[in-house]
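# Coordinates in review
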Amino acid sequence: MKTDPRTFILQNTVLMSPPHVPEIRLRLASEAHDLWLKTEEDLEEIGLPPPFWAFAWAGGQGLARYILDHPETVVGKSVLDFASGSGLVAIAARFAGAADVLAADIDPWAASAITLNAAENGVAMRTTADDQIGKAVEANVILAGDVFYDRDFAAALIPWLTRLASEGKLVLVGDPGRSYLPKDRLKSLAVYQVPVTRALEDSEVKETTVWRFG
């Protein structure tokens, strides 16, 4: 890496609470324009992939809220937080009493963000940058916030999540109406109005649903 992720994150984020999950504090970009709207050339210069970890996306906020309000979903269980980003959902799972949490994200910067955010909230979890799609999963519960935004990614994700659900695992998805959400495979559990950053979304509030997959 051209830039040390931990140092960069500490210098380019501020501690704040996502509006829909005020119990949790994360290191996030204070102004989406400053970090998210950097050009590809700017990002390449510092060796930074698109910083999904720097924002509390609507799907993740909704899913984290559901977990905190329904701790029986994860209490005493092992959890995989897929495409963890900032670690928001993983932290919520630990707050709710999950016995073990693995926060997985292929972005090598995410592990640094998750570790910093977990420490801020006084919880511990494991992280991995290994691609989980298609793999066997030991966890009892799989959590996935805001993952159906890309056609090819969704096409790979759906059969994997379908298999995990068929094995009896609880698969929960938080989604604010992304284009490739497979609604025919989902059961709605809760709906939230989640405040978001207009610079990233097309509105200031996104109606976000927590779904059970399978």
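Residues numbered from 1 in each chain as written. Predicted model: local features only at pLDDT ≥ 70, side-chain atom pairs only at ≥ 80, totals over all residues. Heavy atoms only, no water.

Take the overall build of the protein next. Tallying secondary structure elements over the protein gives seven helices and nine strands in all. For 214 residues, the compact-globule estimate of 2.2 N^0.38 gives 17 Å, and the C-alpha radius of gyration of the protein, at 16 Å, lies within 12% of that figure. The principal-axis extent of the C-alpha atoms belonging to the protein is close to 45 × 35 × 30 Å. With 214 residues in all, the protein has 52% of them scored as buried. (Helix = DSSP H or I, 4+ residues; strand = E, 2+ residues; numbered from the N terminus. Rg over C-alpha atoms; globule rule 2.2 N^0.38 Å. Buried < 20%, exposed > 50% of the residue type's maximum accessible area, 1.4 Å probe, protein only.)

The next point concerns the nonpolar core. Of all hydrophobic cores here, the largest spans 37 residues; its most connected members are Ile24, Ile67, Val79, Met125 and Leu143. Going through the elements one at a time, strand S2 (26-28), helix H4 (58-69), helix H5 (88-95), strand S4 (100-104), helix H6 (110-120), strand S6 (141-145), strand S7 (170-175) and strand S8 (186-195) are the ones with two or more residues in this core. Ignoring any residue separated from it by four or fewer positions in sequence, one finds Val79 in contact with Val74, Ala93, Ala98, Asp100, Val101, Leu102, Ala139, Val141 and Leu143. By size, the runner-up hydrophobic cluster in this structure holds 23 residues, among which are Leu102, Ile142, Leu164 and Val171. (Core = buried A, V, L, I, M, F, W, Y, C linked by side-chain atoms within 4.5 Å. Contact = heavy atoms within 4.5 Å.)

Taken as a whole, this structure holds five salt bridges when the rule is applied. Arg126 is the salt-bridge partner of Asp100, the closest N and O atoms lying 2.7 Å from each other. Here Asp100, found in strand S4, pairs with Arg126, found in strand S5 (residues 126-128); they are 26 residues apart in sequence, far enough to count as distant. For Asp100, a relative accessible area of 27% puts it in the partly exposed group. (Salt bridge = Lys/Arg side-chain N within 4 Å of Asp/Glu carboxyl O.)

Topologically, Asp107 is positioned in the loop between S4 and H6. Under the relative-accessibility criterion, Asp107 is labelled buried at 10%. Contact partners of Asp107, with chain neighbours within four places excluded, come to Pro49, Pro50 and Trp53.

Glancing now at the sheet that holds strand S3 (residues 78-82). A sheet is described by the order of its strands in space; here seven strands give the open sequence S5-S4-S3-S6-S7-S9-S8, paired in mixed fashion. With partners counted over all chains shown, the strands left at the sheet margins are S5 and S8, one partner each. Strand-to-strand twist of the sheet, defined as the mean angle between neighbouring strand axes without regard to direction, takes the value 20°. The pairing of S3 with S6 spans four bridges and is parallel. Bridge assignment links Phe82 to a residue of S6, and that residue is Ala144. (Pairing = 2+ DSSP bridges. Axes fitted to C-alpha atoms, helices over the stretch in contact; angles between N-to-C directions.)

Attention now goes to the packing of aromatic side chains. Counted according to the given criterion, the structure contains eight aromatic pairs. An angle of 40° between the planes, with centres 5.9 Å apart, marks the rings of Tyr149 and Phe153 as tilted. Owing to a relative accessible area of 43%, Tyr149 belongs among the partly exposed residues under this scheme. Site record: aromatic cluster; members linked through ring pairs are Phe52, Phe55, Trp57, Phe82, Tyr149, Phe153 and Trp160. (Phe/Tyr/Trp six-rings, centres within 6.5 Å; stacked < 30°, edge-to-face > 60°.)

Glancing now at the pairing of S3. Within S3, four of the five residues are buried, which leaves it mostly tucked inside the rest of the structure. Between the parallel pair S3 and S4, the chain is carried across by H5, and the sense of this crossover is right-handed. (Right-handed = clockwise from strand over helix to strand, strands pointing away.)

Before going further, it helps to spend a moment on the packing of helix H1 (residues 5-12) against H6. Two numbers describe how H1 lies on H6: the axes approach to 9 Å, and their chain directions differ by 60°. As summarised for this structure, H1 and H6 are arranged oblique, according to the angle between their axes. Relative to H6, H1 is oriented so that their crossing is right-handed. Here Pro5, Arg6, Ile9 and Leu10 of H1 come into contact with H6, specifically with Ser112, Ala113 and Leu116. Among the residues making up the contact of H1 with H6, the classes are represented as five nonpolar, one polar and one charged. (Parallel < 35°, antiparallel > 145°, perpendicular 65-115°, else oblique. Left-handed = near helix turned anticlockwise from the far one by under 90°. Nonpolar A, V, L, I, M, F, W, Y, C, P; charged D, E, K, R; others polar.)

This next bit is on the environment of Phe82. Take Phe82: it is sitting in strand S3. Here the alpha-carbon distance between Phe82 and Leu143, two residues 61 residues apart in the chain, equals 6.0 Å. Setting aside residues up to four positions removed in sequence, Phe82 forms contacts with Ala104, Gln132, Ile133, Leu143, Ala144, Gly145, Val147, Phe153, Leu157 and Trp160.

The next thing to look at is the side chain of Arg65. Mapping Arg65 onto the fold places it in helix H4. Among the polar contacts made by the side chain of Arg65, one reaches the side chain of Glu23 at a distance of 2.7 Å. Leave out the neighbours within four places in its chain, and Arg65 touches His20, Val21, Pro22, Glu23 and Tyr192. (Polar contact = N/O pair within 3.5 Å; in protein donor to acceptor, adjacent residues only side chain to side chain.)

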